Amino acid sequence: MGVLVVGSVALDSVKTPFGEAPDALGGSASYFSVAARHFAPVAMVAVVGEDFPQHHIDFFRARDIDTSGLEVAPGRTFRWSGEYGHDFNTRRTLDTQLNVFAAFQPRLSAQHRRARHVFLANIHPELQAAVLDQVERPDLVVLDTMNFWIQGSREALVDTLGRVDIVLLNDEEVRMLTGEAHLVRAARRVMEMGPPMVIIKKGEHGALLLTREFAFSAPAYPIEEIHDPTGAGDTFAGGFLGYLASRPDWREEAEIRRAAIYGTVLASFTVEAFSLDRLAAATPEEIQARFQELRRMVTF
Ligand code: AMP
C-alpha cells in the first residue's frame, strides 16, 4: 500500500478578501490525500460526525482514496474557521471545534498496519502517536502540526516529534516551538528534538528544507491571484510525500529535491480557489507543466 494519513477531515468556514465559504470541505487529511493521490495510493484514518455530507465521502472514493479508516461517529464533524486579510501569509483562527475528534480512538486494520509511508497530518499529537504505535514497520514518517497544538499540547507533540523522520512547520510555528527567531537556528533546534529533516513552509516564499547534510530552497509557483491559502501546507505535504512514496528510494537527495518542488506545485493549485475546488480539478498535464516551469525559473 502507499501512504497512510491520520489528520483532520473538516468543515471549514473561511473568509478572505475574495469572499467566504461556509462549511466547506477541509481538514489536513483531506488536502493531503487528494494531493498525494496524484502519485501513490492513499488511505485515510480520521473521524467525521453524522452531519458530514455523504457527497464528500463519495468525492474521496471517486478519487480512489481508501476511506475504510474514515469512521462516522455520533456527534458533529470537526470545524475550523479562519480569516485572511490582504496579506495572505498571516491568518487569524476564529474558532476550532474538535467535536468527534475529542473522543476518537483510531484502530488500524491489518492492512493499514503494514503501511510503509505514514503522514501524521495536523491533529492532536496523541492521536498521531496512537496511529504510529500501530504501524508495524514504517520506512518514512512525516509529521505536520499547527500553533493550536504547539501551544496547547506541547509535551505530547515533542514526544511524537522524537519518532519521525521529517517535520513540516511554517515559519511562525517553528519560531513558536523553539523560541528562536532565526529560521536556520530554529530548524537546528527542531533536529535536536529528533527529526533529521525539517521543512519550513514560508507561504508565497516557498519552502526551505534543511538536514545536517544539505539544504534546499523550493520556490512557490508564482500565482497571480490567490483566493484562499487554506490547506496549502497540507497540500505541499501531499505532493511531497506522495511523490517520495512512489519512488524506489526516498533517501536519494535528488528525489527529495524533486518532491519539494512537487509539493509547491500542488499547493499552487489549492490557493487558486476555496476549499479543494481547484486542487481536485488539477490534471497530470497541468502538474507537469508547472513542474517544468519552476525548473526553468530556477536554472541559471
Ligand atoms: P493549512 O492551511 O495547510 O495549515 O491547513 C488548514 C486546514 O487545517 C484546514 O482545512 C482546517 O480544517 C485544518 N485545521 C485547522 N486547525 C486544526 C487543528 N487544530 N487540528 C487539525 N486540523 C486543523
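1. Some details on the overall build of the protein
Phase 1: A count of helices and strands for the protein gives 12 helices and 13 strands.
Phase 2: Since a compact globule built from 300 residues should have a radius of gyration of about 19 Å, the 18 Å found for the protein is in line with a globular shape.
Phase 3: Taken over the C-alpha atoms alone, the protein extends approximately 55 × 45 × 40 Å along its principal axes.
Phase 4: Counting the 300 residues in the protein, one finds 56% classified as buried.
Phase 5: Restricting to contacts in the protein with at least 6 residues of sequence separation, those with at least 24 account for 64%.

2. As for unusual backbone geometry
Phase 1: Not every positive phi belongs to a glycine, and Asp64 is a case in point at roughly 65°.
Phase 2: Tracing the chain through its elements places Asp64 in the loop between α2 (54–62) and β5 (66–73).
Phase 3: Its relative accessible area of 54% is what places Asp64 among the exposed residues.
Phase 4: If you check the backbone angles, Ser275 has positive phi at about 55° while not being a glycine.
Phase 5: Note on placement: Ser275 falls in the loop between α10 (253–270) and α11 (277–281).
Phase 6: By relative accessible area, Ser275 is classed as buried at 12%.

3. Observations concerning the pattern of salt bridges
Phase 1: In this structure the tally under the stated criterion is 15 salt bridges.
Phase 2: Asp64 is paired through a salt bridge with Arg37; the nearest N and O atoms lie 3.3 Å apart. One end of the pair, Asp64, is in the loop between α2 and β5; the other, Arg37, is in the loop between α1 (28–36) and β4 (42–49), with 27 residues separating them in the sequence.
Phase 3: Taking the shortest distance from any N to any O, the salt bridge between Glu180 and Arg185 comes out at 3.2 Å.
Phase 4: When salt bridges that share partners are traced, they join Glu272, Arg278, Glu286 and Arg290 into one network.

4. Quick look at the side chain of Ser153
Phase 1: Positionally, Ser153 belongs in the loop between α5 (147–152) and α6 (154–161).
Phase 2: For Ser153, a relative accessible area of 12% puts it in the buried group.
Phase 3: Every residue in contact with Ser153, bar those within four places of it in the chain, is listed here: His124 and Pro125.

5. What to know about the sheet that holds strand β11 (residues 197–201)
Phase 1: If you trace the 9 strands from one edge of the open sheet to the other, you get β5-β4-β1-β8-β9-β10-β11-β12-β13, paired in mixed fashion. Looking along the sheet, the strands with just one partner apiece sit at the ends: β5 and β13 (215–218). With strand direction ignored, the average angle separating the axes of adjacent strands in the sheet is 15°.
Phase 2: Looking at chain direction, strand β12 (residues 207–211) and β13 are connected through 4 bridges and run antiparallel.

6. Looking at the sheet that holds strand β2 (residues 10–16)
Phase 1: Spatially, the 4 strands line up as an open sheet ordered β3-β2-β6-β7, and their pairing is mixed. Edge positions in the sheet fall to β3 (19–26) and β7 (91–97), since each of these pairs with one other strand and no more. Sheet twist, expressed as the mean angle between neighbouring strand axes with direction ignored, is 15°.

What counts and what doesn't
- Along each chain, the written sequence defines residue order, and numbers are assigned to residues from 1.
- Local features in this predicted model are restricted to residues of pLDDT 70 or higher, and side-chain atom pairs are both shown and tallied only at a pLDDT of 80 or more, whereas totals for entire chains, interfaces and linings draw on every residue.
- Side-chain figures throughout are based on the complete set of non-hydrogen atoms in the structure, without hydrogens or water.
- The helix count covers DSSP runs of H or I at least four residues long, the strand count covers runs of E at least two residues long, and both are numbered beginning at the N terminus.
- What the globule rule says is 2.2 Å times the number of residues to the power 0.38, and the radius of gyration is computed from C-alpha atoms.
- In this scheme, a residue with accessible area under 20% of its type's maximum is buried, one over 50% is exposed, and one in between is partly exposed, where area comes from a 1.4 Å probe on protein chains only.
- The contact criterion used throughout is that any non-hydrogen atoms of two residues lie within 4.5 Å.
- A pairing counts as a salt bridge when a side-chain nitrogen of Lys or Arg comes within 4 Å of a carboxyl oxygen of Asp or Glu.
- Strand pairing is defined by DSSP finding a minimum of two bridges between the two strands.
- Structural elements are reduced to axes, namely lines fitted to C-alpha atoms, with helices fitted over the stretch in contact, and the angle between N-to-C directions of any two is expressed from 0 to 180 degrees.

Scope: geometric values only; no functional claims are made or implied.
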